[in-house]
Amino acid sequence: MQHAYDTVAADYAARLPDTRAETPLDLAMVDAFAEAVVGAAGGDGLVLDAGCGTGRMSRHLAGRGLRTVGLDLSHGMVTMARRAQPGTSYVVGALGALPYADASFAGVLLWYSTIHTPPDEQSALLSEAARVLRPGGHLLVGFQAGTGVRDVAPAYRALGHEVVLERHLASPDEMGTRLADAGLVEVARLVRRAVGSERDDQAALLARRPD
Ligand SMILES: C[S@@+](CC[C@H](N)C(=O)[O-])C[C@H]1O[C@@H](n2cnc3c(N)ncnc32)[C@H](O)[C@@H]1O
């Protein structure tokens, strides 16, 4: 998976430079997350863009007044993020072993970054994200809604990249259970129908770490 994103990083950055793939409903969830983080009492608005890819979502959050730090497993994706936003810290790292102390962030964004992790390993990622979240902090997770596995390789093969890449769908209820198991309280959820070339419905769950 890391190798796949290293291979496609430049094309990913060129074809998806911003939030044009997100619908207004998706962005409403992202912006509600940003407002919750900015509005937190005594907060410094520091957000971890966990699985940041090329950094397009952290750029969006920066535009909403948040300070962001990005982390991704793929060197290639991190290189693209650093190039596009030199003033932001982007590090190579794994969602399952975040290199941060407990309660470091006012917010954690997991925007389509858990999707390549098999379902039975996702709870561990969410627990790790909850660990670095401050009491009262918010987490937003975006993902394709449904069941089963999709082969993502053909889409990249069409661009000339030979990669092996799958993504796992999740039901919003499953994701809600994972968040609860991580000690988080669900605040809101979006489930919307697929549009355009999307194969699957999309979902985003907003959760809060109790005080
Ligand atoms: C579909 S892309 C989404 C990137 C970005 N969040 C966005 O919305 O453009 C998934 C990203 O998650 C990263 N990723 C997947 N699993 C990861 C893990 N276990 N640890 C760190 N990064 C991971 C991949 O390297 C890739 O950059």
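Bear in mind that the values here come from a model prediction, so they are computed numbers and not experimental data. (Residues numbered from 1 in each chain as written. Predicted model: local features only at pLDDT ≥ 70, side-chain atom pairs only at ≥ 80, totals over all residues. Heavy atoms only, no water.)

K.L.:
So what exactly am I meant to see when it comes to helix H5 (residues 119-131) here?
P.N.:
Note on helix geometry: an α-helix contains 3.6 residues per turn, so any two residues three or four positions apart are oriented the same way. Turning to H5, its buried residues are Gln122, Leu125, Leu126, Glu128, Ala129 and Ala130. The secondary structure elements touched by the buried residues of H5 are strand S4 (105-111), strand S5 (133-145) and helix H7 (172-181). (Buried < 20%, exposed > 50% of the residue type's maximum accessible area, 1.4 Å probe, protein only. Helix = DSSP H or I, 4+ residues; strand = E, 2+ residues; numbered from the N terminus. Contact = heavy atoms within 4.5 Å.)

K.L.:
Would you mind showing me how to read the nonpolar core here?
P.N.:
Looking at soluble globular proteins, one finds that nonpolar side chains tend to be buried together. Leu48, Val108, Leu110, Leu139 and Leu140 are the most contacted members of the largest nonpolar core, which has 47 residues in total. Setting aside its immediate chain neighbours within four residues, Leu48 contacts Val69, Leu71, Leu98, Tyr100, Phe105, Gly107, Val108, Leu109 and Val132. Within the second largest apolar cluster, 11 residues are counted, among which are Ala4, Met80, Ala153 and Leu165. (Core = buried A, V, L, I, M, F, W, Y, C linked by side-chain atoms within 4.5 Å.)

K.L.:
I'm lost on the UniProt feature "domain: Methyltransferase" (unreviewed entry) in the chain in this one. Help?
P.N.:
In the numbering used here, UniProt assigns the "domain: Methyltransferase" (unreviewed entry) feature to residues 47-137. End C-alpha to end C-alpha, residues 47-137 measures 10 Å, and it is 33% helix and 29% strand. (UniProt positions renumbered as here; feature names shortened; annotations may be inferred.)

K.L.:
What is the right way to look at the packing of H5 against H7 in this model?
P.N.:
Each pair of packed helices can be summarised by the angle the axes make with each other and by the distance between the axes. Running from N to C, H5 and H7 point in directions that differ by 40°, and their axes come no closer than 8 Å. Considering their axes alone, H5 and H7 lie oblique with respect to each other. Crossing handedness for the pair H5 and H7: right-handed. Contact residues: Pro119, Gln122, Ser123 and Leu126 in H5; Met175, Arg178 and Leu179 in H7. Residues that form the contact of H5 with H7 fall into these classes: four nonpolar, two polar and one charged. (Axes fitted to C-alpha atoms, helices over the stretch in contact; angles between N-to-C directions. Parallel < 35°, antiparallel > 145°, perpendicular 65-115°, else oblique. Left-handed = near helix turned anticlockwise from the far one by under 90°. Nonpolar A, V, L, I, M, F, W, Y, C, P; charged D, E, K, R; others polar.)

K.L.:
Help me understand the site of the ligand in this model?
P.N.:
Neighbouring residues of the ligand: 18 residues in total, closest Tyr12, Gly51, Arg56, Asp72 and Trp111. A distance of 2.6 Å is found between an oxygen atom of the ligand and a side-chain nitrogen or oxygen belonging to Asp72. Within the contact set of the ligand, a nitrogen atom lies 2.9 Å away from a backbone nitrogen or oxygen of Leu95. Calculation on the ligand without its partners gives an accessible area of 590 Å², and the protein chains cover 95% of this total. Those elements that place two or more of their residues in the shell around the ligand are helix H1 (2-15) and helix H3 (56-62). Each residue belonging to the shell around the ligand can be placed in one class, and the counts come to 11 nonpolar, five polar and two charged. (Near = heavy atom within 4 Å. Polar contact = N/O pair within 3.5 Å; in protein donor to acceptor, adjacent residues only side chain to side chain. Areas by Shrake-Rupley, 256 points an atom, 1.4 Å probe, with all protein chains shown as cover.)

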